[in-house]
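This is what each chain is made of:
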Amino acid sequence: VNTLINEAGDRADQLPLLQHALMRTWKKSDRKLLTEANYTTAGRIEKSLSNDADDARKQLNHELRGLARHLFLLLCDVSPEGQITRRRPLVQEVMDVAQVDCSMVERAIRGFQAEDRNFLLPPSPEPITPATVLDISHESLLRQWQRLKDWLNDERESAAEYMQLAIVARRHADGRADLLSKRDLETANQWFDQAQPTAAWGDRYAAGQVEKVSAFLTASR
């Protein structure tokens, strides 16, 4: 108990972190006695929530793991100062960005609600439809899940590349910029092939520009 109190301290999100640490310690125990060894295996205060989210993701198949990335990136926004805040997308937005149907979105959501987890809302067994509003149970997940932080970093870089290409494509259309040089084109092609941006994804950062960027890259090639 003293270890839990000391490690929780006055850190941000101490209560949800403590909740996850205790829950995972219980799952790692013999369900009779909680030991510090169980607590360490669970990830302690620092990593228990992140480990639990990783475990939920690992139980998904490969396709649903990719969908989970889209899902959680749509559940948050990042300010210019780097502050992460929650947002509440419709299931339809997730479907459009990831190019999947509603049943696949529901399967991904349920994966983060299984085994006493409550990462995502609405809770099971409420039905999931394209008009359903999605949310996270607590903002601590956005701040504490290391994998999500990595996703957000990659997303910021990808969005910056896309917005820059959108600017150059518009300038080229207006006769104020040339087509891409070989080196710049190689970089842009690599980004486009890896990101595979959909129109719905692009609209978050520069509305209506994905097709124009694609045409600009084709012209440059």
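Look a little higher up for the structure.
Residues numbered from 1 in each chain as written. Predicted model: local features only at pLDDT ≥ 70, side-chain atom pairs only at ≥ 80, totals over all residues. Heavy atoms only, no water.

## A look at helix 10 (residues 182–195)
As a reminder of what qualifies: The helix count covers DSSP runs of H or I at least four residues long, the strand count covers runs of E at least two residues long, and both are numbered beginning at the N terminus. By this rule, a helix spans an expected 1.5 Å times one less than how many residues it contains. To sort residues, take the accessible area from a 1.4 Å probe on protein chains only and compare it with the maximum for the residue type: under 20% means buried, over 50% means exposed, and anything in between is partly exposed. Taking the helix axis as origin, the arc is that swept by the directions to the C-beta atoms.
Compared with the 20 Å implied by 1.5 Å per residue over 14 residues, the 20 Å span of helix 10 between its first and last C-alpha is a close match. Here helix 10 has its buried residues at Leu185, Ala188, Asn189 and Trp191. Taken end-on, helix 10 shows its buried residues confined to a sector of 165°, consistent with a single buried face. Looking at helix 10, the residues exposed on the side facing more than 90 degrees away from the buried face are Arg183, Gln190, Asp193 and Gln194.

## Considerations on the packing of aromatic side chains
Short version of the rule: Aromatic rings from Phe, Tyr and Trp, taking only the six-membered ring of Trp, are treated as a pair when their centres fall within 6.5 Å; an angle between ring planes under 30 degrees marks them as stacked, one over 60 as edge-to-face, and anything in between as tilted.
Applying the stated criterion to the full structure yields 10 aromatic pairs. By way of ring pairs, the aromatic residues Phe72, Phe112, Phe119, Trp145 and Trp151 are connected into one cluster.

## Structural notes on the packing of helix 10 against helix 12 (residues 210–220)
Test applied: Axes here mean lines fitted to C-alpha atoms, for a helix over just the part in contact, with angles spanning 0 to 180 degrees between N-to-C directions. Roughly parallel means an angle under 35 degrees; roughly antiparallel, over 145; roughly perpendicular, 65 to 115; everything else is oblique. Should the near helix be turned counterclockwise from the far one by less than a right angle, the crossing is left-handed, whereas a clockwise turn marks it as right-handed. Residues are treated as being in contact if the distance between any of their heavy atoms lies within 4.5 Å. Throughout, the ten residues Ala, Val, Leu, Ile, Met, Phe, Trp, Tyr, Cys and Pro are labelled nonpolar, Asp, Glu, Lys and Arg are labelled charged, and all others, Gly among them, are labelled polar.
For the pair helix 10 and helix 12, the least separation of the axes is 11 Å and the interaxial angle reads 140°. By the angle class used here, helix 10 and helix 12 are oblique. Helix-helix and strand crossings are classified by hand; for helix 10 and helix 12 the assignment is left-handed. Each of Leu185, Ala188, Asn189 and Phe192 in helix 10 lies in contact with helix 12, whose residues at this interface are Ser214, Leu217 and Ser220. Looking at side-chain class alone, the contact of helix 10 with helix 12 contains four nonpolar, three polar and no charged residues.

## Regarding a nonpolar patch on the surface
The following threshold applies: Patch criteria: residues need more than 30% relative accessible area and no salt bridge. Like-charged residues are merged within 9 Å; nonpolar side chains of Val, Leu, Ile, Met, Phe, Trp and Tyr are merged within 5 Å. With residues, only the protein chains shown are counted as cover, and all accessible areas are computed by Shrake-Rupley using a 1.4 Å probe. What counts as a salt bridge is simple: a side-chain nitrogen of Lys or Arg found within 4 Å of a carboxyl oxygen of Asp or Glu.
Taken together, Leu22, Trp26 and Leu34 make up a surface patch of nonpolar side chains, about 270 Å² in accessible area. Tracing the backbone shows Trp26 in helix 2 (residues 14–28).

## Topic: the environment of Arg147
Where we set the bar: The term polar contact refers here to a pair of N or O atoms within 3.5 Å; inside protein, the definition further demands a hydrogen-donor-capable atom paired with an acceptor-capable atom, and it admits residues adjacent in sequence only when both atoms are side-chain atoms.
Checked against the element boundaries, Arg147 lands in helix 9 (residues 146–173). According to the relative accessible area criterion, Arg147 is partly exposed, its value standing at 27%. When the C-alpha positions of Arg147 and Glu126 are compared, they lie 27 Å apart, and in sequence the two are 21 residues distant. Contacts of Arg147, omitting those with residues within four sequence positions, involve Asp54 and Arg57. Separated by 3.0 Å, the side chains of Arg147 and Asp54 make a polar contact.

## Side note on the pattern of salt bridges
Summed over all chains, the structure comprises 16 salt bridges. Residues Asp55 and Arg24 are paired through a salt bridge, measuring 2.9 Å at the closest nitrogen-oxygen approach. Taken together, the residues span a long stretch of sequence, with Asp55 in helix 4 (residues 44–58) and Arg24 in helix 2 at a distance of 31 residues. Owing to a relative accessible area of 6%, Arg24 belongs among the buried residues under this scheme. Within this structure, Arg24, Asp52, Asp55, Glu115 and Arg117 form a network of salt bridges that share partners.

## Describing the nonpolar core
Note the threshold: Think of a nonpolar core as a cluster: buried Ala, Val, Leu, Ile, Met, Phe, Trp, Tyr and Cys residues, connected wherever their side-chain atoms sit within 4.5 Å.
If you look at the biggest cluster of nonpolar residues, it comprises 58 residues, and the most contacted ones within it are Leu67, Phe72, Phe112 and Leu120. Top contributing element to this core by residue count: helix 9, with eight residues.

## Here we look at helix 12
When helix 12 is considered as a whole, its buried residues turn out to be Val210, Val213, Phe216, Leu217 and Ser220. Looking straight down helix 12, one finds its buried side chains confined to an arc of 125°; they lie on one side. Away from the buried face of helix 12 by more than 90 degrees, exposed residues Glu211 and Lys212 are located. On its buried face, helix 12 is in contact with helix 9, helix 10 and helix 11 (199–202).

## A look at the packing of helix 5 (residues 62–74) against helix 7 (residues 102–111)
It is at 9 Å that the axes of helix 5 and helix 7 come closest, and there the two elements cross at 85°. With respect to helix 7, the element helix 5 is oriented roughly perpendicular. Of the residues in helix 7, those in contact with Glu63, Leu64, Leu67 and Leu71 of helix 5 are Met104, Val105, Arg107, Ala108 and Ile109. A breakdown of the residues in the contact of helix 5 with helix 7 according to their chemical character gives seven nonpolar, no polar and two charged.

## As for the layout of surface pockets
The criterion, for reference: Buried and open spaces are told apart on a 1 Å grid over the protein atoms alone, a cavity being a set of points where a 1.4 Å probe fits but cannot get out and a pocket being an open set with protein on both sides within 12 Å along at least five of seven lines. Residues with an atom within 4 Å of a point are the lining residues. Grid points are joined across faces, edges and corners, and a volume is the space filled by probe spheres set on the points.
Computed from the structure, the largest pocket encloses a volume of approximately 540 Å³. Taken together, 20 residues make up the lining of the largest pocket; nearest its centre are Arg69, Ser158, Trp191, Gln194 and Ala195. For the lining of the largest pocket, the secondary structure elements donating two or more residues are helix 5, helix 9 and helix 10. Taken together, the residues of the lining of the largest pocket break down into seven nonpolar, eight polar and five charged. The volume enclosed by the second largest pocket comes to roughly 210 Å³. Where the lining of the second largest pocket is concerned, the elements lending two or more residues are strand 1 (76–78) and helix 9. Sort the elements by how many residues they give to the lining of the second largest pocket and helix 9 lands first, with six residues. The residue makeup of the lining of the second largest pocket, split by class, is eight nonpolar, no polar and four charged.

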